[in-house]
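Each chain, written out:
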Amino acid sequence: MHQFPMDMDNKLIVWDLQHSSPCFTCDSEDGVTCLSWVGNSKYIAGGCVDGKVRIWDSLSGGCVRTFSGHSDAIQSLGVSSDKNFLVSGSLDWMVLSGYLRSQSPNEQNLLPSSTILK
């Protein structure tokens, strides 16, 4: 079992509750406002204050992908049951989607949900 406390120095720390010790630390350029496991995989999606969604590897703590497109802080995240799509809601009043299975490295743009879901 894991817990995800966030502190004021823009770090996400994943704790192993069984052993009462940190597993790893994820650095974020801005604060993290919400989190979601990507299904039962090793990946954690984090919505950030800077309007980006970052995907972290829960085993290494490394950021493996960044999605951009929002102009304000992310407030909610969801992952489709097939783990193919990420949906994010932001203070910019937009709901955007990203394709998680893309092989594109690094940063990708989120698209309006209606574009993805057609």
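Quick notes on the rules
- Residues numbered from 1 in each chain as written.
- Predicted model: local features only at pLDDT ≥ 70, side-chain atom pairs only at ≥ 80, totals over all residues.
- Heavy atoms only, no water.
- Salt bridge = Lys/Arg side-chain N within 4 Å of Asp/Glu carboxyl O.
- Buried < 20%, exposed > 50% of the residue type's maximum accessible area, 1.4 Å probe, protein only.
- Phe/Tyr/Trp six-rings, centres within 6.5 Å; stacked < 30°, edge-to-face > 60°.
- Helix = DSSP H or I, 4+ residues; strand = E, 2+ residues; numbered from the N terminus.
- Pairing = 2+ DSSP bridges.
- Core = buried A, V, L, I, M, F, W, Y, C linked by side-chain atoms within 4.5 Å.
- Contact = heavy atoms within 4.5 Å.

J.: Sorry if this is basic, but what is going on with the pattern of salt bridges here?
T.: Should their charged atoms come close, side chains of opposite charge can pair. Inspection of the entire model under this criterion finds two salt bridges. A salt bridge links R54 to D50; the nearest nitrogen and oxygen atoms lie 2.8 Å apart. Residue classification places R54 among the buried residues on the basis of a relative accessible area of 5%.

J.: Could you clarify how one ought to interpret the packing of aromatic side chains in this entry?
T.: By convention here, two paired aromatic rings are described through the distance between centres and the angle between planes. Using the criterion set out here, one finds one aromatic pair in the structure. Ring centres 5.4 Å apart and planes at 55° place the aromatic pair F85 and Y99 in the tilted group. Here F85, found in strand 9 (residues 85–90), pairs with Y99, found in strand 10 (residues 95–99); they are 14 residues apart in sequence, far enough to count as distant. Given the relative accessible area of 24%, F85 is considered partly exposed. Of the residues examined, Y99 reaches a relative accessible area of 38% and is grouped as partly exposed.

J.: Mind showing me how you'd approach the pairing of strand 4 (residues 32–37) here?
T.: In the case of a regular strand, side chains alternate between the two sheet surfaces. Both strand 4 and strand 5 (residues 43–48) contribute to a ladder of five bridges, which runs antiparallel. Note that in strand 5 the partner of W37 across the bridge is I44. In this structure, the hairpin formed by strand 4 and strand 5 is closed by a connection of five residues, where G39 is found at a positive phi of approximately 60°.

J.: Help me understand the nonpolar core, please; the structure alone is not making it clear to me.
T.: Side chains of a nonpolar character, in soluble globular proteins, are inclined to be buried together. Grouped together as the largest cluster of nonpolar side chains are ten residues: C34, V38, A45, V53, I55, F67, I74, L77, L86 and L100. Mapped by element, the contributors of at least two residues to this core are strand 6 (53–57) and strand 8 (74–79). Residue contacts for I55: discarding those within four places in its chain leaves Y43, I44, A45, G62, C63, V64, R65, F67 and L100.

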